[in-house]
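# Secondary and tertiary structure notes
Residues per chain are reported as follows:
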Amino acid sequence: MSDDVLSIIPTDPQWQPGRAAAERTAALAADLAPGLSDGVKVEIDVAWYDTLTPVDCGDNLERIGCPHCGASIDTEWYADLLESHCEDGFATLVVEVPCCGTDTSLDALDYDWPCGFARFEIAIWNPERGWFAAEDLVTFGDTLGHSVKQIRAHI
Ligand SMILES: [Zn+2]
């Protein structure tokens, strides 16, 4: 049994919306992911996190690139990092990458497929649709009050 999760998160990992904006945005997500025609609605979770929380793409992660030296970073390194912070989240995203030793932000690494970090997330479980179009993301951003990005996980 596996799940696909399409998540919307603010592009700024620290940013959090108010409740009203979050509810409007979740309603928009429900409109844009109405589920299958048999009337079964998809499940949408809205979450605020106390700390910076990884929103990763699960099995969809194929490669992590270093933005400084261009090397591929071992995905096991990232998996271990997430594992070690799975209970308390991240106080900071500052990290020294293993390839070239540069201090950078975990959010700045070149994830393929995309991954992110957030203190707010709208997660659409088994969305029965593909990626949101660029104009959908603009509408999400306008509704939420901050620009957003999407993460698609297979878990
Ligand atoms: Zn590097």
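Here we come to the coordination of the zinc ion. For the zinc ion, the full set of protein donor atoms is C66 (SG), C69 (SG), C99 (SG) and C100 (SG), at a range of 2.3 to 2.4 Å. Coordination at the zinc ion is tetrahedral, judged from the four donor atoms that bind it and the angles of 102 to 118 degrees they form at the metal. Counting gaps between the donor residues of the zinc ion yields the pattern C-x2-C-x29-C-C. Within this pair, whereas C66 is found in the loop between β3 (63-65) and β4 (72-73), its partner C100 is found in the loop between β5 (94-96) and β6 (103-105), the two being separated by 34 residues in sequence.

Glancing now at the nonpolar core. One finds Y78, F90, L106, Y111 and F117 to be the most contacted residues of the largest nonpolar core, which totals 22 residues. Every element with two or more residues in this core is listed here: β2 (43-55), α2 (75-84) and β8 (116-125). Here this core takes three residues from α2, the largest share from any one element. Setting aside chain neighbours within four positions, we find Y111 in contact with L61, R63, I64, Y78, L106 and F117.

A word on the packing of helix α1 (residues 19-32) against helix α3 (residues 134-144). Close contact between α1 and α3 brings their axes to 8 Å; oriented N to C, the two are set at 155 degrees. Classified by the interaxial angle, the pair formed by α1 and α3 is roughly antiparallel. Where α1 crosses over α3, the two elements pack in a sense that is right-handed. Across from A21, A22, R24, T25, L28, A29 and L32 in α1, the residues of α3 making contact are D136, T139, F140, T143 and L144. Here the contact of α1 with α3 is composed, by residue class, of seven nonpolar, three polar and two charged.

Taken in spatial order, the three strands make up an open sheet running β4-β3-β7, and their pairing is antiparallel. The strands lining the two open edges of the sheet, one partner per strand, are β4 and β7 (110-112). Across two bridges, the pairing between β3 and β4 is antiparallel. Its bridge partner lying in β4, I64 is registered against I73. Packed on one face of the sheet, α2 meets β3, β4 and β7 and runs near 90 degrees to β3.

Tallying each qualifying case throughout the model produces five aromatic pairs. A centroid spacing of 5.4 Å and a plane angle of 80 degrees characterise the contact between F90 and F117, whose relative ring orientation is edge-to-face. A residue pair is termed long-range when its members are at least 10 positions apart, and F90 in the loop between α2 and β5 and F117 in strand β8 qualify at 27 residues. Residue classification places F117 among the buried positions, given a relative accessible area of 1%. Ring centres of F132 and F140 lie 5.0 Å apart, and the angle between their planes is 70 degrees; on these two criteria the pair is classed as edge-to-face. F140 matches F132 in its accessibility class, with the two residues each being buried. Stacked on the ring of W48, the Lys or Arg R19 has its end atom at 4.3 Å from the ring centre.

Quick notes on the rules
Residues numbered from 1 in each chain as written. Predicted model: local features only at pLDDT ≥ 70, side-chain atom pairs only at ≥ 80, totals over all residues. Heavy atoms only, no water. Donors = N, O, S within 2.8 Å, 3.2 Å for Na, K, Ca; no water. Tetrahedral: all angles 85-135°; square planar, octahedral: opposite > 155°, others 65-115°. Helix = DSSP H or I, 4+ residues; strand = E, 2+ residues; numbered from the N terminus. Core = buried A, V, L, I, M, F, W, Y, C linked by side-chain atoms within 4.5 Å. Buried < 20%, exposed > 50% of the residue type's maximum accessible area, 1.4 Å probe, protein only. Contact = heavy atoms within 4.5 Å. Axes fitted to C-alpha atoms, helices over the stretch in contact; angles between N-to-C directions. Parallel < 35°, antiparallel > 145°, perpendicular 65-115°, else oblique. Left-handed = near helix turned anticlockwise from the far one by under 90°. Nonpolar A, V, L, I, M, F, W, Y, C, P; charged D, E, K, R; others polar. Pairing = 2+ DSSP bridges. Phe/Tyr/Trp six-rings, centres within 6.5 Å; stacked < 30°, edge-to-face > 60°. Lys NZ or Arg CZ within 6 Å of the ring centre and 35° of its normal.

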